[in-house]
Amino acid sequence: MNRKLKQLIRVAPLVSLLYAGPVLATIPYTPVMLPPGAFPAVGKGVIDPALVFGKEYSHDIDLNIAPIPDPEQVIAWDGIGGVLDGVDFSGTRGPNFPREQEVDALGNSGDALYTELLQFTPRGVIYPDRAHLIFSIDDTVARYIATPTAGRILEKPSTIPLIPFSGPVLLTNGNVIGGSGDISVEESGAFNGFAIQHVWAPAPRVNGMPVPRDVDGLEVWGPEPGVTADSDKYSLDVDVLGGAGASVFSYDLAATSVPYISHAAVVSAVEALLGPVPTTAMDSHGDNLIWREAVNLDALMVRDIVGTNMRFESESDPAGNAGISDSIIFSIRQMPDPADPDGYYATGSEIFWMTASGGSGFLFHGGHLWDHAYALSDLGLAGLGPNERAYIDINALEAIGEVVIPEPSTYVLLGLGAVAALAWRRRAVRMA
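Residues numbered from 1 in each chain as written. Predicted model: local features only at pLDDT ≥ 70, side-chain atom pairs only at ≥ 80, totals over all residues. Heavy atoms only, no water.

### Comments concerning the overall build of the protein chain
Looking only at helices and strands, the protein chain has 6 helices and 31 strands in total. Counting over 432 residues, the protein chain shows a buried share of 55%. Sequence separation of at least 24 residues holds for 69% of the intrachain contacts in the protein chain that already meet a minimum separation of 6. Surface accessibility of the protein chain: about 16500 Å² in total, with carbon and sulfur atoms responsible for 62%. (Helix = DSSP H or I, 4+ residues; strand = E, 2+ residues; numbered from the N terminus. Buried < 20%, exposed > 50% of the residue type's maximum accessible area, 1.4 Å probe, protein only. Contact = heavy atoms within 4.5 Å. Areas by Shrake-Rupley, 256 points an atom, 1.4 Å probe, with all protein chains shown as cover.)

### Overview of the environment of E56
With respect to the element layout, E56 can be found in strand 2 (residues 55-59). With 20 residues separating them along the chain, E56 and A76 place their C-alpha atoms 4.4 Å apart. Excluding its chain neighbours within four sequence positions, the residues that come into contact with E56 are V74, I75, A76, W77, V87, L106, G217, L218, E219, G226, D230 and S231. Within the structure, E56 has its side chain in polar contact with the side chain of S231 (distance 3.2 Å). (Polar contact = N/O pair within 3.5 Å; in protein donor to acceptor, adjacent residues only side chain to side chain.)

### Describing the sheet that holds strand 17 (residues 246-252)
Sheet architecture is open: 4 strands sit in the order 5-16-17-18, paired in antiparallel fashion. Sheet topology places strand 5 (103-107) and strand 18 (256-262) at the edges, where each strand pairs with a single neighbour. Looking at each pair of strands side by side, their axes are set apart by 30 degrees on average, direction ignored. Direction of pairing for strand 5 relative to strand 16 (residues 233-236): antiparallel, over a ladder of 4 bridges. Within the sheet, the bridge partner assigned to L106 lies in strand 16 and is Y234. (Pairing = 2+ DSSP bridges. Axes fitted to C-alpha atoms, helices over the stretch in contact; angles between N-to-C directions.)

### Re the confidence of the model for the protein chain
Low-pLDDT stretches of the model should not have their predicted coordinates read in fine detail. Across the protein chain, pLDDT averages 87, with 86% of residues at or above 70. Within the model, the stretch residues 1-23 combines pLDDT values under 50 with 33 contacts to residues more than four positions away or in other chains. Every residue in residues 409-432 scores below 50 in pLDDT, and together they form 43 contacts with partners more than four places removed in sequence or on other chains. (pLDDT = per-residue confidence, 0-100.)

### Some details on the nonpolar core
If you look at the biggest cluster of nonpolar residues, it comprises 58 residues, and the most contacted ones within it are W77, L117, W200, W221, I329 and L397. With 5 residues, the top contributor of residues to this core is strand 30 (residues 394-400). Excluding its chain neighbours within four sequence positions, the residues that come into contact with W200 are V46, I47, D48, P49, V52, W77, I134, I183, S184, V185 and I400. The next biggest cluster of nonpolar side chains, apart from the first, holds 28 residues, and it includes A269, A281, I332 and Y345. (Core = buried A, V, L, I, M, F, W, Y, C linked by side-chain atoms within 4.5 Å.)

### Things to note about the side chain of D138
Relative to the helices and strands, D138 resides in the loop between strand 8 (132-137) and strand 9 (143-146). With no salt bridge to any partner, buried D138 finds its closest opposite charge in R333, at an N-O distance of 4.7 Å. Of note is the side chain of D138, whose polar atom sits 3.1 Å from the backbone nitrogen of T140. Excluding its chain neighbours within four sequence positions, the residues that come into contact with D138 are I163, S180, D214, H285, D393 and N395. (Lys, Arg positive; Asp, Glu negative; His and termini not counted. Salt bridge = Lys/Arg side-chain N within 4 Å of Asp/Glu carboxyl O.)

### Overview of the sheet that holds strand 4 (residues 83-88)
The strand order across the open sheet formed by 4 strands is 4-3-2-15, and the pairing between neighbours is antiparallel. Single-partner strands in this sheet number two, and they are strand 4 and strand 15 (215-219). For this sheet, the mean inter-axis angle between neighbouring strands, taken without regard to orientation, is 35 degrees.

### Some thoughts on the pairing of strand 4
Where a strand is regular, its side chains alternate between the two sheet faces. In terms of strand pairing, strand 3 (residues 73-77) meets strand 4 through 4 bridges, oriented antiparallel. Bridge pairing in strand 4 places A76 opposite L84. Taking the residues that link successive antiparallel strands as the turn, the strand 3-strand 4 hairpin has 5 residues, and the phi of G79 there is positive, at about 95 degrees.

Right, dumping it as structure tokens:
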């Protein structure tokens, strides 16, 4: 049975509930408003989901709020269960690439708080680690099961649901995060210490009716409400089938999408960090993709600072230095490899960065690198049987901070607070 058919079977109960009577009804969207005098900032506190402006998400099976399957439809959410239909990328790639797919990553050209995670300076790469990283995980992961001879064999995809749509999900590092319909957070290492991970937005607060089963794309800090296509970068479900050889597309207000980052460029960045993709590596979703075809970008943040934001590009410094470059933070879909000693080419929970000029690396956040070694040591699923193993697969990324509510004696600074709040929403701002 192919993946698309299995997905439609999985979502069919949601659709049938729609016609079962008034039990299932979309919760009205409530516009996000901060308390009087409050403004978003970076700091130790973790802002509540209901106080974050312009939130958008995509579902593994793209749905509208009816909920009816609707490929390439994005949903705006208010953080207390209310939703609105947002941007729909259908038909925007022109007649040469008309095939609709499922959206599986969202971003904005000037993602707020990007530079609180990653900066490029003449002295090299800096990881401020000052923003909290929010993420969601895939509902489908590969599992290795024990054999009678005390070995392991790959079961792909697992016949036992390992990832619930709503947590708790216990990790091998002892942290408890959310399920595939929840949004989790790793708090800032600079403010709060090493690898503090937990649930940020439970699934019913993302969408109360119906509760999402698999959030697979996130964009926040856009205009409020999040229906105005703040998500101007997106990836499709299977990169090699998306047309134009693109892993990321760029979308403009003229309702046109063009290739932004090629699949080949993403493969090169990943191979620079994980080594050449072996022919024995494969996708974990049953799409029968192997080798480089199985490299699939599925989580995204963007900082476009060079030229037009419709192209991923760089420019040289007149003095001959590396110059400046557009860049992204991203993750890829899990890639099991039975021939690898640890069983995976990529667990799907590595977080990479790459630049248009060819640089790449692993993100440092929460006091640690999000590399392959950390994924193997800390991001396995706890509680499996002897000689079994499985790892979470991150499929959505964004960044948040805290909210500051001044004391009455500091209201003279509210003008500055308003400026700070506006800066978070002004997505085209180029930050040093």
